[in-house]
Amino acid sequence: MSSTLVITIMVSLIIILLLVGAPIKPMRFIGQTIIKLGIGVLFLFFINVFGGAIGLHIPINLFTAVVAGFLGLFGVASLTAIHLFIM
């Protein structure tokens, strides 16, 4: 898929949602999920930046972002413990 096609589809979906209206609950759930995943990625990024000095590197992928995002600091701590003690 070309980038212009993807952008055209996204813009048309936004226009349709603005004209028709979006259901509130699913959009709120999707928004909260995206925010939590973003926070999880930020947690993992900072762990990798500060943990690089001691050789700690947790890969940032969908699984680790979900664990860190939905469990918060406890998820990051569990991923760190798994990396240190199991791997």
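Residues numbered from 1 in each chain as written. Predicted model: local features only at pLDDT ≥ 70, side-chain atom pairs only at ≥ 80, totals over all residues. Heavy atoms only, no water.

A. Local environment of the overall build of the protein chain. For the protein chain, the count of helices and strands is 4 helices and 0 strands. Scaling as 2.2 N^0.38, a compact globule of 87 residues should have a C-alpha radius of gyration of about 12 Å, whereas the protein chain reaches 18 Å, well beyond that. Counting only C-alpha atoms and orienting by the principal axes, one finds that the protein chain spans roughly 50 × 30 × 20 Å. Long-range pairs, those at least 24 residues apart, make up 47% of the contacts in the protein chain with a sequence separation of at least 6. (Helix = DSSP H or I, 4+ residues; strand = E, 2+ residues; numbered from the N terminus. Rg over C-alpha atoms; globule rule 2.2 N^0.38 Å. Contact = heavy atoms within 4.5 Å.)

B. Fine view of helix H3 (residues 62-71). Considered for burial, the residues of H3 that qualify are Thr64, Ala65, Val67, Ala68 and Gly69. The opening residue of H3 is Asn61, an N-cap whose side-chain oxygen sits 3.3 Å from the backbone nitrogen of Phe63. Following H3 by one or two positions, Gly72 has its phi on the positive side, about 70°. (Buried < 20%, exposed > 50% of the residue type's maximum accessible area, 1.4 Å probe, protein only. Polar contact = N/O pair within 3.5 Å; in protein donor to acceptor, adjacent residues only side chain to side chain.)

C. Representation of the packing of helix H2 (residues 24-51) against helix H4 (residues 73-86) in the model. Where H2 meets H4, the axes come as close as 10 Å, and the angle between the chain directions of the two elements is 45°. Taken together, the axes of H2 and H4 are oblique relative to one another. In this structure, H2 meets H4 at a crossing whose hand is right-handed. Contacts from Phe43, Leu44 and Ile47 of H2 reach H4 at Leu73, Val76, Leu79 and Thr80. Its residues assigned to classes, the contact of H2 with H4 shows 6 nonpolar, 1 polar and no charged. (Axes fitted to C-alpha atoms, helices over the stretch in contact; angles between N-to-C directions. Parallel < 35°, antiparallel > 145°, perpendicular 65-115°, else oblique. Left-handed = near helix turned anticlockwise from the far one by under 90°. Nonpolar A, V, L, I, M, F, W, Y, C, P; charged D, E, K, R; others polar.)

D. Geometry of the nonpolar core. Core analysis: the biggest nonpolar cluster contains 7 residues, these being Leu44, Leu56, Ile58, Val67, Ala68, Val76 and Leu79. Among the secondary structure elements, those contributing two or more residues to this core are H3 and H4. Aside from chain neighbours lying at most four places away, what touches Ala68 is Gly40, Phe43, Leu44, Gly75, Val76 and Leu79. (Core = buried A, V, L, I, M, F, W, Y, C linked by side-chain atoms within 4.5 Å.)

E. Focus on a nonpolar patch on the surface. A surface patch of nonpolar side chains, amounting to about 860 Å² of accessible area, comprises Leu5, Ile7, Ile9, Val11, Leu13, Ile15, Ile16, Leu19 and Val20. Given the relative accessible area of 72%, Leu19 is considered exposed. (Patch = residues over 30% accessible without salt bridge, like charges linked within 9 Å, V, L, I, M, F, W, Y side chains within 5 Å. Areas by Shrake-Rupley, 256 points an atom, 1.4 Å probe, with all protein chains shown as cover. Salt bridge = Lys/Arg side-chain N within 4 Å of Asp/Glu carboxyl O.)

F. Broad picture of the packing of aromatic side chains. Summed over the entire model, instances satisfying the criterion amount to 2 aromatic pairs. Seen from their ring centres, Phe45 and Phe46 are 5.5 Å apart, and the 65° between their planes marks the pair as edge-to-face. Taking the centre distance of 6.3 Å and the plane angle of 20° together, the rings of Phe46 and Phe50 count as stacked. Here Phe50 and Phe46 lie together in helix H2, a separation of 4 residues that amounts to about one turn. Taking relative accessible area as the criterion, Phe50 reaches 63% and is therefore assigned exposed. Within the aromatic cluster, the residues linked to one another by ring pairs are Phe45, Phe46 and Phe50. (Phe/Tyr/Trp six-rings, centres within 6.5 Å; stacked < 30°, edge-to-face > 60°.)

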